[in-house]
Protein chains: 2
Amino acid sequence: MTTIRDVARHAGVSPATVSRVVNGMPGYSSATRDRVTQAVAELGYEPDTLARGLKTMQSTMIGVLAPVVSDALASQVMSGVERAARELGYSVMLGRTGPGSEFAPGYLHTLRTYRAAGVVLISAAITADMRRVAGPKMPLISVAIRDGKQFPSLAIDDERAAYDATRHLLGLGHERIGLLAGDATSLLVNAPRERGYLRAMTEAGATPLLERGNSLYDSAPPALGRLLERDPALTAVFALSDEMGAAVVNELQRLGRRVPDDVSVLGFDDTRTAQHVHPALSTVAQPLERMGEVAVHHLLDAGNGGARILPHRLIERGSTGPARRTP
Amino acid sequence: MTTIRDVARHAGVSPATVSRVVNGMPGYSSATRDRVTQAVAELGYEPDTLARGLKTMQSTMIGVLAPVVSDALASQVMSGVERAARELGYSVMLGRTGPGSEFAPGYLHTLRTYRAAGVVLISAAITADMRRVAGPKMPLISVAIRDGKQFPSLAIDDERAAYDATRHLLGLGHERIGLLAGDATSLLVNAPRERGYLRAMTEAGATPLLERGNSLYDSAPPALGRLLERDPALTAVFALSDEMGAAVVNELQRLGRRVPDDVSVLGFDDTRTAQHVHPALSTVAQPLERMGEVAVHHLLDAGNGGARILPHRLIERGSTGPARRTP
DNA sequence: TTGTAGGCGTTATCAT
DNA sequence: ATGATAACGCCTACAA
């Protein structure tokens, strides 16, 4: 292994000078800079991250924690985090919080012993306990979830997004719009979306109709069944996740209903799943990759508390269309 | 921050003793062990990973690198890696190799400066250059790709898996089976699968028919078009990725063909995508999560070179069935 | 502009 | 069984 002393010897200077050159600190002639640079190249020297971190009391590590590592939404945010981190010279450490954030403290602890520069939590709210184990030096930010004003967070305005989306369906002439919501455990994202839907429906004088799944694919067909039982003449279903939306598209067709001619379907999130059904799922897009990138920047800018809002966007694919005329 | 000296003072012993207790080395009475253990608990002491790594010249970090972080297949392997690593007390660092592995050396370099305990490469072959920048201490293993015998790898037997799958379709009475292959850049996985298909077809006296996509969803419809043009009486399509398989299921139905009554469709990998279409995609399953776990174990067992094979498995869902009788 | 020296928190060697 | 001490590789006052 090449150390800073090797380079120093090779270039005929002191370790301190090498350090200065490598870190771009002032204090050397351009001649020595060249000699050092060359020595570095020749020996293939790279500063040891551990030693550097130990000395500076800070590492260039960023943690990224998600409830489930293989989740489609989380993957996209992680991708953004990774890209931004790398661009800024940081590395990212991956962890899993578990569905109820139960593993988060353990990972935060580890991250702390690495003197991580910060942590982004995906789809998981920051708790006082997490804040405590993270210690005073390590900033936390949660993404894709609205987390009050107490801790930093980065998300779309879920209430408004659901409101806009419902208005869009109303604008297409739909009145009997069923909402397929997620379960209560992900309350922080579901509650505002439900409110948005409710508000739009009420304003339009339409009758709200709500059933719950658990945001995953398999939970949607039974919930759709309950929705159709309560109103067989439904002309639109608004699912609060793309997986549920995709399942609804498939299930409706299995039941002999055409999408979107008989029933329109709208999803939420704009994960890749939305494009894996036919007709492709119209959906409320969250800028997931971008959220990951922005989160990293906020983290490193000592992004202080408060909730930041990113813009949502409605993407029309093939699963939505004008309401079927009631004869 | 609590250091080992704080604990030592608190327990009335020397730092060396604390270290011994914490690391389970011999050399202390049970009385002092208890005092130290209690002091550790009271002060919430956790050894600093950086300092420890610096001293021991080894860190408990494992790298996991994938061509694209948000890829479904890679996500599942990563999930397995993360789980196994955590269980063994290791942390995982995430990186992106890029489609042609072009970024791999950079990440390997970083990992080396972290003195990582090893690196698992997903869907990326190890090259001599990578091996070089990884240095002599850091083991590498590639997963979900067959990598000759030169470097460690962990994958299914792609040739055999495709052979078995094709035989399965033949067994259902299909003779006109089109193969939807991936592009040439992922040659290491595609070539053997193509060979397996070809061998099964030839053995059965059937006529092979092959078109290429790029493994992603959007590439499948046009390729399917070409397949149908060359043989409109096709009764089965074997797609070498689930995304392409899902697209084929959707596209066939759009074209008015029933799945599986008119045409059977078989996918490959068993990612979540396979379950996001209707009928759900039958597919050749790779044990992705398991591969991630096993990779970690091999890495830490100083897993020497050579290709390790994990078993594949055919999963029948709704997209395959007996061949349509030719009247 | 450049070099010397001390210490970050830990483990390992050598005394006691 | 326990403690003092020296490194691991780096950065950064402080001196020169």
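Chain A is annotated in an unreviewed UniProt entry as LacI family transcriptional regulator of Diaminobutyricimonas aerilata.

**Q** What exactly am I supposed to notice about the overall build of chain A here?
**A** Assigned secondary structure in chain A consists of twelve helices and twelve strands. Compactness check: chain A gives a C-alpha radius of gyration of 25 Å against a globular reference of 20 Å for 327 residues, more than 25% above the reference. In terms of principal-axis extent, the alpha carbons of chain A reach across some 90 × 35 × 30 Å. For chain A, the proportion of its 327 residues judged to be buried stands at 54%.

**Q** Is there a simple way to explain the protein's contact with DNA strand C in this structure?
**A** A:S29, A:T32, B:I4, B:Y45 and B:R52 are the nearest of the 27 residues found near DNA strand C. When atoms of DNA strand C within 4 Å of the protein are split into backbone and base, the sugar-phosphate part holds 63%. One of the backbone N or O atoms of A:S29 is found 2.6 Å from a phosphate oxygen in DNA strand C. Measuring from a phosphate oxygen of DNA strand C, one finds a side-chain N or O atom of B:N23 at 3.2 Å. Going through the elements one at a time, α2 (15-22) and α4 (49-56) of chain A together with α1 (4-11), α2 (15-22) and α4 (49-56) of chain B are the ones with two or more residues in the surface near DNA strand C. Among the elements that line the surface near DNA strand C, the one with the most residues is α4(B), at four residues. Looking at the surface near DNA strand C residue by residue, the classes come out as eleven nonpolar, nine polar and seven charged.

**Q** Help me out: how do you make sense of the sheet that holds strand β11 (residues 307-310) of chain B in this one?
**A** In space, the twelve strands of this open sheet follow the order β11(A)-β5(A)-β4(A)-β3(A)-β1(A)-β2(A)-β2(B)-β1(B)-β3(B)-β4(B)-β5(B)-β11(B), with mixed pairing throughout. If you trace the sheet from one side to the other, it starts and ends with β11 (307-310) of chain A together with β11 of chain B, each paired once. Sheet twist, expressed as the mean angle between neighbouring strand axes with direction ignored, is 25 degrees. Pairing geometry for strand β1 (residues 61-66) of chain A and strand β3 (residues 118-122) of chain A, over four bridges, is parallel. Looking across to β3(A), one finds that A:L65 is bridged to A:L121. Strands β1, β2 (91-96), β3 and β4 (140-143) of chain A together with β2 (91-96) of chain B of the sheet are contacted by helix α6 (residues 104-113) of chain A, whose axis makes an angle of about 175 degrees with β1(A).

**Q** Is there a simple way to explain unusual backbone geometry in this structure?
**A** Glycine aside, a negative phi is what most residues show, and trans is what most peptide bonds show. Cis geometry marks the peptide bond from A:V259 to A:P260; its omega dihedral reads 5 degrees. The topology assignment puts A:P260 in the loop between α11 (242-254) and β9 (264-269). That bond from A:H278 to A:P279 is cis: its omega, -5 degrees, falls within 30 degrees of zero. With respect to the helices and strands, the residue A:P279 is situated in the loop between β9 and β10 (282-285). Its identity is not glycine, yet B:M57 carries a phi of approximately 60 degrees, on the positive side. By the element assignment, B:M57 lies in the loop between α4 and β1 (61-66). Of note, B:S215 is a non-glycine position whose phi angle comes to about 80 degrees, a positive value.

**Q** Explain the domain arrangement of chain A to me, please; I cannot follow it from the model alone.
**A** By convention, interface size is frequently given as the accessible area that disappears when the constituent parts associate. Residue and element names in this part refer to chain A. For chain A, the domain assignment lists domain 1 (4-53), domain 2 (56-155 + 288-310) and domain 3 (158-286). For domain 2 and domain 3, the distance between their C-alpha centroids amounts to 30 Å. Contact residues are listed per partner, giving ten residues for domain 2 and eight residues for domain 3. Carbon and sulfur atoms make up 60% of the area that domain 2 and domain 3 hide from each other, which totals about 770 Å². For the pair domain 2 and domain 3, the number of links is zero salt bridges. For the pair domain 2 and domain 3, the number of links is one residue pair in polar contact (both at pLDDT 80 or more).

**Q** How should the protein's contact with DNA strand D be read in this particular structure?
**A** Around DNA strand D, the surrounding shell holds 27 residues, and the nearest of these are A:I4, A:Y45, A:R52, B:R20 and B:S29. Counting only atoms of DNA strand D within 4 Å of the protein, the fraction found in sugar and phosphate groups is 65%. Between DNA strand D and A:I4 there is a distance of 2.5 Å, counted from a phosphate oxygen to a backbone nitrogen or oxygen. In the model, a phosphate oxygen of DNA strand D is placed 3.1 Å from a nitrogen or oxygen of the A:D48 main chain. Residue assignment for the surface near DNA strand D shows that the elements contributing at least two residues are α2 and α4 of chain A together with α2 and α4 of chain B. Examining the composition of the surface near DNA strand D, we find that four residues originate from one element, α4(A), more than from any other.

What counts, and where the lines are drawn
- Residues numbered from 1 in each chain as written.
- Chains lettered and ligands numbered in written order.
- Predicted model: local features only at pLDDT ≥ 70, side-chain atom pairs only at ≥ 80, totals over all residues.
- Heavy atoms only, no water.
- Helix = DSSP H or I, 4+ residues; strand = E, 2+ residues; numbered from the N terminus.
- Rg over C-alpha atoms; globule rule 2.2 N^0.38 Å.
- Buried < 20%, exposed > 50% of the residue type's maximum accessible area, 1.4 Å probe, protein only.
- Near = heavy atom within 4 Å.
- Polar contact = N/O pair within 3.5 Å; in protein donor to acceptor, adjacent residues only side chain to side chain.
- Nonpolar A, V, L, I, M, F, W, Y, C, P; charged D, E, K, R; others polar.
- Pairing = 2+ DSSP bridges.
- Axes fitted to C-alpha atoms, helices over the stretch in contact; angles between N-to-C directions.
- Contact = heavy atoms within 4.5 Å.
- Domains from an automatic or database assignment.
- Buried area = accessible area lost by both parts, 1.4 Å probe.
- Salt bridge = Lys/Arg side-chain N within 4 Å of Asp/Glu carboxyl O.

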